[in-house]
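Commentary on secondary and tertiary structure
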Amino acid sequence: MPSARFQNYLHLHFIVFVWGFTAILGELISIDALPLVWYRMLLASGFIFVYIGFRKISLTISRKLFFTLFFAGIIIALHWITFFAAIKVSNVSITLATLSTGAFFTSVLEPIFYKRKLIWYEVLFGLLVITGLYIIFNVEGDYFLGIMYALCSAFLSSVFSLINGKVAQEYNPTMVSFYELLSGVGIITIYLLGLTLFGNEMDGFTVSFFQLSTSDWLYMLILASVCTAYAFIGSVQVMKYLSPYTVMLTINLEPVYGIILAFLIFGESEKMSPQFYYGALIIIGTVLLNGIFKNAKKRKSTSTLHNITK
């Protein structure tokens, strides 16, 4: 019988595969990015609330933490809106390849956010990511708007991960996620209400806003339940058995799974030029190398500390 660690490793790969499928659902769902994210966050927060009630998780938080999570909720909402907008105006492959630049943004923002020195190989890897992105820009110029949306999404994803990196260490991740999702859908609701009251009759909460096709409802339920609520809770569970390095390195395979899935499902519409795949390979390979370097450095630091305390 496989060990608990191996079972959780397989589970993690399945979760990353599910995350890769998120982009596929974004392409399949016919509604625009804004209502898509509103439905996703509303339904996912509902599913997680049921889970919280089942597990009897406390929702009591301080005012300071509430405002931190509220801000993080706005960031993740904007991240998803730009992510799905990128898919709508380009395709899954372009979006996921460009989204991989999030690791580059994190390497630039992390020293500022956590007040540490910039590491030399992060600068080198950043230049490699820019090179890969330059190749994609050159050969896929028709998807310029999609690439720009995906870059914005990658930047917002990096900011969100830095905020969550602090709060998730101190507080229950399920509770944190619930408040973030609820805050995100809350701010989108306020925006849509403003459009309803002060925009034209085609904006905001119109009759057509709530008229989803049967297939859209089906894909939306899968997106909110499996790809959001389940994947989040499952990712927290596997972290009890796997090292952060293993988790982080595996998650970086999400664009690979997503691009392969997109090609298998959508066929020719996802087939890109060879130069695009060279650029994507440079970006994804750099992200993986960054994880390997960070893990080696961490192991070296741990080994040095162990020798000192002997």
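Residues numbered from 1 in each chain as written. Predicted model: local features only at pLDDT ≥ 70, side-chain atom pairs only at ≥ 80, totals over all residues. Heavy atoms only, no water.

Judged by side-chain polarity, Trp120, Leu124, Leu128, Leu289, Ile292 and Phe293 come together as a nonpolar surface patch covering roughly 550 Å² of accessible area. When contributions to the nonpolar patch are tallied by element, the ones reaching two or more residues are helix H6 (120-139) and helix H12 (274-308). Positionally, Leu124 belongs in helix H6. On the basis of relative accessibility, which here comes to 41%, the residue Leu124 falls in the partly exposed class. (Patch = residues over 30% accessible without salt bridge, like charges linked within 9 Å, V, L, I, M, F, W, Y side chains within 5 Å. Areas by Shrake-Rupley, 256 points an atom, 1.4 Å probe, with all protein chains shown as cover. Salt bridge = Lys/Arg side-chain N within 4 Å of Asp/Glu carboxyl O. Helix = DSSP H or I, 4+ residues; strand = E, 2+ residues; numbered from the N terminus. Buried < 20%, exposed > 50% of the residue type's maximum accessible area, 1.4 Å probe, protein only.)

One pass over the structure, following the stated rule, counts one cavity of 30 Å³ or more. Taken as a whole, the largest cavity holds about 50 Å³ of empty space. Along the walls of the largest cavity sit Ala103, Phe104, Ser107, Glu122, Phe125, Gly126, Val129, Thr286, Val287 and Asn290, which together make up its complete lining. Contributions of two or more residues to the lining of the largest cavity are made by helix H5 (102-113), H6 and H12. In terms of residue count, the dominant contributor to the lining of the largest cavity is H6 (four residues). When its residues are assigned to classes, the lining of the largest cavity shows five nonpolar, four polar and one charged. (1 Å grid on protein atoms, 1.4 Å probe; cavity = no way out; pocket = protein on both sides within 12 Å on 5 of 7 lines; lining within 4 Å. Points joined across faces, edges and corners; volume = space filled by probe spheres on them. Nonpolar A, V, L, I, M, F, W, Y, C, P; charged D, E, K, R; others polar.)

On to the confidence of the model for the protein chain. For the protein chain, mean pLDDT is 83; residues scoring 70 or higher make up 89% of the total. The least confident element of the protein chain is helix H10 (residues 244-251), whose mean pLDDT is 63; the most confident is helix H2 (residues 33-55), at 95. Predicted confidence is poor over residues 303-310, with pLDDT under 50, and the contacts of this stretch with residues over four places away or in other chains come to zero contacts. (pLDDT = per-residue confidence, 0-100. Contact = heavy atoms within 4.5 Å.)

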